[in-house]
Amino acid sequence: MKRSRVVLALNVLILITVIACGAVLGLIAVGGSASASAISIGSPTTSSSGGVTTIVAPIQIGNRGYFSFSGVNVDVAVKDSAGDQLLTGTLGPFTVGPGQTKDVTASLVLDTAGLSPAALQELATTAQNLTVSATLAASMPPFVGVSGSVNAQLAWGAPVSGLTIGQPSFSQYNSTTIEAVVPVTFTNDNGYFTVSGNGLVSVLDSAGQKVGSGTVSLNVPPHSQFSQSVDLYISVPPSQVQSLLTQDQTLSYSAVLSLPAGGSTFTLIEPITYHWGAPLSGLAVGSPTVSAKNSTAYQVSVPVSFADHSSSIGVATDLTATLLNSTTGAVVGEGTLPVSVSPGGTFSGDAVVYVDIPTSSLSTLLFQDATLHYSAQISGVSSGVSFNIGESVAVPWGAPMKSLTLGTLAASFYNSTYSAVSAPLSFTDNSAFLSISGTVSGTITDAAGNVVGTVSSTGLSAVPGQSFSGTISGFLENSAAGQSSYVLHLTFDSQYGTVTTEVMVSG
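Computed from a predicted model, the values in this text were never measured in an experiment. (Residues numbered from 1 in each chain as written. Predicted model: local features only at pLDDT ≥ 70, side-chain atom pairs only at ≥ 80, totals over all residues. Heavy atoms only, no water.)

(A) Representation of the overall build of the chain in the model. If you tally the helices and strands in the chain, you get four helices and 32 strands. In the chain, which comprises 507 residues, the share counted as buried stands at 44%. The long-range fraction of contacts in the chain, counting pairs at least 24 apart against all pairs at least 6 apart in sequence, stands at 64%. About 22600 Å² of surface is accessible on the chain, with carbon and sulfur atoms providing 50% of the total. (Helix = DSSP H or I, 4+ residues; strand = E, 2+ residues; numbered from the N terminus. Buried < 20%, exposed > 50% of the residue type's maximum accessible area, 1.4 Å probe, protein only. Contact = heavy atoms within 4.5 Å. Areas by Shrake-Rupley, 256 points an atom, 1.4 Å probe, with all protein chains shown as cover.)

The structure is reproduced here in structure tokens:
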């Protein structure tokens, strides 16, 4: 915490000087000449340098008695209730002959370097009694030298008594700035000076960094109350913007109040907290649904939902949903979703993305169920701030030709070179959205890998959830007939492309 300087009011210093001079009068009274002496005090002046404040008060002493008093020297000290020394000062030495008037100077010094922050805080906020001590030494011919001391209690009222920072009223100025209206009240219990000037309120985050500020104009006479609201604008660090867009949070700050009083400044610290309502609170990407589009792409509907928990920030933007291959990072589809939500409202909708059928993996995906993994990037702009939220998306893939099965290859005489062959073929369209239609053809190889026959082109088709049963046919060299097994190299031509697979059948 920055150390404050607390300078006692000039009126208070005048009182202190009067007490010191009262000691002089007391000694003069010993000489029977008090009624013939007079003291007047001019306007004190102050100067400050390096944390040291010097107060100089001009004093005029008139000696209207019969005796001279000489070598008069007064030392003054002021301490607070805890014994911390606040002021030290001197008056003299000086000599005033009978019938003469003498101008002298009282000098008092406040060095805040010797005061702890706790002592300064106490002076600012706590009523207490200050102890004023004056020690005098003088000679008054024809009398012997005299000396003495006097102590007095000076009631000190706290200039900032009962400081209270009320419950702040917050609003979200925009998505990077919080506007806070903070009620500040206190009473000036000091009877000697007015708390006046421009006060500064700085807002520090938990790391001690300044993130906001405000000003307050002060004019608080003695024994009066101050009650006013301070407008603060608190900036949200860029590193927090993304999380604050989507997560409700309690933000903790310190309000540092610098209040002018008596020519100096009281610095006080008070905590403030704020519950931030995220404009995209709970932004979530749900489980997608998949449907057919055409022979080259399918449609993925990505559910997006959130609640606007902000007090004043509405969300009006076009959300962009981008699907990326989770392995390669390549963009495979993109769609938009218009959004318009008022503070306190909720939103749910589907961002529709068209995704190209992954033909590079069709040799597997045509026959086997799988789960396709994508990264969904939801991006947009809220109150001028861009955001990008990433979520993993898993798309279930049902194989259009699942459980492809070929029965036993049956052969019958065709001619002297070839035998006619046939085999039952079946599969299930296990896709939720893709139908299948096309042809199948191929070649037949024996155990040694030699091509010994062909599969004639045969049509096939099925819709999602339907099973297909049919027969493929072809020709086998008579010289290869009678083997226990063969390998069929089947080529499927469909609306999605051409895929070749191998199936072993018994002979």
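(B) Spatial organisation of the pattern of salt bridges. One pass over the structure, following the stated rule, counts one salt bridge. Its salt-bridge partner being D369, residue K402 comes within 2.8 Å of it at the nearest N-O pair. In this pair, K402 sits in strand β25 (residues 402-406) while D369 sits in the loop between α4 (362-365) and β23 (370-382), placing the two residues 33 residues apart along the sequence. D369 sits in the partly exposed class, given a relative accessible area of 34%. (Salt bridge = Lys/Arg side-chain N within 4 Å of Asp/Glu carboxyl O.)

(C) Summary view of the layout of surface pockets. Volume-wise, the largest pocket comes out at about 250 Å³. Lining the largest pocket are 13 residues, with N325, P358, S361, L372 and Y374 sitting closest to its centre. Counting only elements with at least two residues in the lining of the largest pocket, the list comes to β22 (346-356) and β23. Here the lining of the largest pocket gets three residues from one element, more than from any other, and that element is β23. Of the residues contributing to the lining of the largest pocket, the split by class is six nonpolar, six polar and one charged. (1 Å grid on protein atoms, 1.4 Å probe; cavity = no way out; pocket = protein on both sides within 12 Å on 5 of 7 lines; lining within 4 Å. Points joined across faces, edges and corners; volume = space filled by probe spheres on them. Nonpolar A, V, L, I, M, F, W, Y, C, P; charged D, E, K, R; others polar.)

(D) Molecular detail of the packing of aromatic side chains. Tallying each qualifying case throughout the model produces eight aromatic pairs. Both rings, one in W397 and one in F433, keep their centres 6.1 Å apart while their planes meet at 80 degrees; by these two values the pair is edge-to-face. Of the two residues, W397 is situated in strand β24 (residues 385-397) and F433 in the loop between β27 (418-428) and β28 (436-445); the sequence distance between them amounts to 36 residues. As far as the burial class goes, W397 and F433 line up, both buried. Over the aromatic face of Y354 sits the side chain of K293, whose NZ or CZ is 4.9 Å from the ring centroid. (Phe/Tyr/Trp six-rings, centres within 6.5 Å; stacked < 30°, edge-to-face > 60°. Lys NZ or Arg CZ within 6 Å of the ring centre and 35° of its normal.)

(E) Geometry of unusual backbone geometry. Phi angles above zero are rare outside glycine, and H223 is one such case at about 60 degrees. Notably, S403 is not glycine yet its phi reads approximately 55 degrees, a positive angle. Note that S403 resides in strand β25. Relative accessible area serves as the criterion here: at 45%, S403 is assigned to the partly exposed category.

(F) Region of interest: the environment of A134. Mapped onto the elements, A134 comes out in strand β7 (residues 128-139). Measuring from C-alpha to C-alpha, the distance between A134 and L91 comes to 9.8 Å, with 43 residues separating the pair along the chain.

(G) Layout of the pairing of strand β20 (residues 315-325). Across ten bridges, the pairing between β20 and strand β21 (residues 331-341) is antiparallel. Looking at β21, one finds that T317 is bridged to V339. (Pairing = 2+ DSSP bridges.)

(H) Representation of the side chain of S310. As for its placement among the helices and strands, S310 is situated in the loop between β19 (297-307) and β20. Residue classification places S310 among the buried residues on the basis of a relative accessible area of 5%. At a separation of 2.6 Å, a polar atom in the side chain of S310 contacts the side chain of D308. (Polar contact = N/O pair within 3.5 Å; in protein donor to acceptor, adjacent residues only side chain to side chain.)

(I) Examining the environment of F170 more closely. Along the chain, the position of F170 falls in strand β10 (residues 169-174). Classification of F170 as buried rests on a relative accessible area of 16%. C-alpha of F170 to C-alpha of Y233: the two residues are 63 residues apart in sequence and 9.9 Å apart in space. When neighbours within four sequence positions are excluded, F170 is seen to be in contact with I178, E179, A180, T273, Y274 and S311.

(J) Highlighting the confidence of the model for the chain. For the chain, per-residue confidence averages 80 on the pLDDT scale, and residues scoring 70 or more make up 83% of the total. The low-confidence segment residues 27-36 (pLDDT under 50) makes 17 contacts with residues lying over four places distant or belonging to another chain. (pLDDT = per-residue confidence, 0-100.)

(K) Expanded view of the nonpolar core. Counting residues in each nonpolar core, the largest one holds 96 residues, and the members touching the most others are I178, F186, Y298 and L488. Those residues in contact with F186, other than ones at most four positions away along the chain, are P159, V160, S161, G162, L163, V195, L218, V220, S224, Q225, F226 and L259. Of all hydrophobic cores here, the second largest spans 23 residues; its members include V74, F94, V96 and V132. (Core = buried A, V, L, I, M, F, W, Y, C linked by side-chain atoms within 4.5 Å.)

(L) Examining the pairing of strand β26 (residues 410-413) more closely. With four bridges joining them, β26 and β27 adopt antiparallel strand pairing. Bridging across to β27, A411 finds its partner in V421. Connecting β26 to the next strand, β27, in antiparallel fashion are four residues.

(M) Layout of the environment of L200. Here L200 is to be found in strand β12 (residues 195-204). The partly exposed category is assigned to L200, whose relative accessible area is 35%. For L200 and S258, which are 58 residues apart along the polypeptide, the C-alpha to C-alpha distance reads 5.2 Å.

(N) Broad picture of the side chain of S419. Tracing the chain through its elements places S419 in strand β27. A polar contact of 2.5 Å, which involves the side chain of S419, links it to the side chain of N478. Not counting chain neighbours up to four residues away, the residues in contact with S419 comprise A411, S412, F413, Y414, G474, F475, L476 and N478.

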